[in-house]
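The residues making up each chain are set out below.
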Amino acid sequence: VGGIYGLLALGLSLGWGLLRLVNLGHFGLALLSAYLTWSFGTVYHIPPWFAVLIILPCFFAFGVALHWVFLRFRVTELASMLITFGIAVIFESVIQWIWTADFRRYETGFGTSSIKVGALFIPTLDLVACLTAVLFAFLTWAWLRWTYVGKALRACAEDPAIATAFGIDHRKLAFLLSGICAALAGVAGVYIAMIMTLAPSQIWAWLGVIFAVVIIGRLGNPIGALIAGFVIGMSEAVTMATINPAWAPLVSFSVLIGLLLWRPRWL
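Note that this is a predicted model, so its numbers are computed, not measured.

Following the criterion strictly, the structure yields 5 aromatic pairs and no others. With 5.4 Å between their ring centres and 45° between their planes, F85 and W204 make a pair best called tilted. Within this pair, whereas F85 is found in helix α4 (residues 77-99), its partner W204 is found in helix α9 (residues 202-217), the two being separated by 119 residues in sequence. Directly above the aromatic system of F73 lies the positively charged group of R72, at a separation of 5.4 Å from the ring centroid. In this structure, R145 packs its charged tip against the face of W146, placed 5.1 Å from the ring centre.

Mapped onto the fold, A133 is located in helix α5 (residues 124-146). On the basis of relative accessible area, A133 is assigned to the buried category, the value being 3%. For the pair A133 and G6, spaced 127 residues apart in the sequence, the C-alpha separation amounts to 6.4 Å. In this structure A133 touches G3, L7 and L226, once residues within four positions along its chain are discounted.

A word on a nonpolar patch on the surface. A contiguous nonpolar surface patch, about 450 Å² in accessible area, is contributed by W49, F50, L53 and F110. With respect to the secondary-structure elements, F50 resides in helix α3 (residues 48-72). The class for F50 is partly exposed, based on a relative accessible area of 47%.

As paired elements, strand β1 (residues 114-117) and strand β2 (residues 120-123) share 4 bridges and run antiparallel to each other. What sits directly across from V117, in β2, is L120. As consecutive antiparallel partners, β1 and β2 are separated by 2 residues, and within that stretch G118 has a phi angle of approximately 65°, a positive value.

Counting 80 residues, the largest nonpolar core has L8, L14, F27, L198, W206 and I210 as its most contacted members. Counting residues per element, this core draws most heavily on helix α8 (residues 170-195), which supplies 15 residues. The residues contacting F27, other than those within four sequence positions of it, are L12, I203, W206, L207 and I210.

Attention now moves to the packing of helix α2 (residues 25-42) against α3. The interhelical angle for the contact between α2 and α3, taken along N-to-C directions, is 145°, at an axis separation of 10 Å. The element α2 and its partner α3 pack so that their crossing is right-handed. Side by side, α2 and α3 meet where L29, L32, S33, L36, T37 and F40 of the first sit next to P48, A51, I54, I55, F59 and F62 of the second. Broken down by class, the residue content of the contact of α2 with α3 amounts to 10 nonpolar, 2 polar and no charged.

How each quantity is defined
- Each chain carries its own residue numbering, running from 1 in the direction its sequence is written.
- Residue-level local features of this predicted model are given only where pLDDT is at least 70; pairs of side-chain atoms are given and counted only at 80 or more, and the full residue set underlies all totals for whole chains, interfaces and linings.
- With hydrogens and water set aside, each side-chain value is computed from the structure's full complement of heavy atoms.
- When the centres of two rings from Phe, Tyr and Trp lie within 6.5 Å, Trp using its six-membered ring, the rings pair. Their planes under 30 degrees apart give stacked, over 60 give edge-to-face, and anything left gives tilted.
- Only DSSP runs of H or I covering at least 4 residues are called helices, and only runs of E covering at least 2 are called strands; the numbering of each starts at the N terminus.
- To sit over a ring, a charge needs its Lys NZ or Arg CZ within 6 Å of the ring centre and within 35 degrees of the ring normal.
- Here's how the labels work: a residue is buried when its accessible area is under 20% of the maximum for its type, exposed when over 50%, partly exposed in between, all with a 1.4 Å probe on protein chains only.
- Whether two residues are in contact is decided by their heavy atoms, any of which lying within 4.5 Å being enough.
- To count toward a patch, a residue needs a relative accessible area over 30% and no salt bridge; like charges are then connected within 9 Å, while nonpolar side chains (Val, Leu, Ile, Met, Phe, Trp, Tyr) are connected within 5 Å.
- Accessible surface is estimated by sampling points in the Shrake-Rupley manner with a 1.4 Å probe; for residues, cover comes only from the protein chains shown.
- The working definition used for a salt bridge is a side-chain nitrogen of Lys or Arg within 4 Å of a carboxyl oxygen of Asp or Glu.
- One bridge is not enough; two strands pair if DSSP finds at least two bridges between them.
- Remark: nonpolar core denotes a set of buried residues (Ala, Val, Leu, Ile, Met, Phe, Trp, Tyr, Cys) joined through side-chain atoms within 4.5 Å.
- Orientation is described by axes fitted as lines to C-alpha atoms, over the contacting stretch for helices, and by angles from 0 to 180 degrees between their N-to-C directions.
- By definition, any crossing whose near helix is turned counterclockwise from its far helix by less than a right angle is left-handed, and any crossing with a clockwise turn is right-handed.
- Residues are grouped as follows: Ala, Val, Leu, Ile, Met, Phe, Trp, Tyr, Cys and Pro are nonpolar; Asp, Glu, Lys and Arg are charged; every other residue, Gly included, is polar.

Rendered as structure tokens:
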């Protein structure tokens, strides 16, 4: 669960931290990807690893198009949050219109497999999703830290005018990053389809948790988002096991409020 949280938070954290745009439609994209994966698998019998090859280019193009709209109308950080909130509502309505409000479950032969480690049984899909989140977080961190494009993106986030004066094309890099963020939502959606039961209202269940993960992990910090996802995921699991499952949704905000009151230097 912590890995899924980190994977969902990765695209939102990058877009918010480096582009200064808050894309609440990110959750709608992830859920749309999950439903598309379910449809490809159950209706057309296309396995998830082939479905993702169809989903990612389409989502990348959507992310580029969305950023073009933001640039065209000079959307600010606050306005982007309001606009993409509307986009998330549209996604929920479209999903409910096409797939109805019924719960959907992607049943696969490997969905019930697990690995035994001592007295523990670790679900294979959950483990793969967690390892994918770790891989993407470290690859993104390395890309931002060591490549020219990554350094240019960080420079643009720090001071776009100075970066442009040194020959960096801020607009092209912003289009690229926006497309990557949308594609990351697509990757998260594929795993969500295989692991979780789907319902259109899931968008709002993720909203508060992932916001807390992004803020705790710091904006634009892939490793921070991953660690924060693990912290929230494990805290929720411990709460469900030791206190009451109904208290689990309170954990993310409790951790966030506690850290904001404590105000450590790294937050």
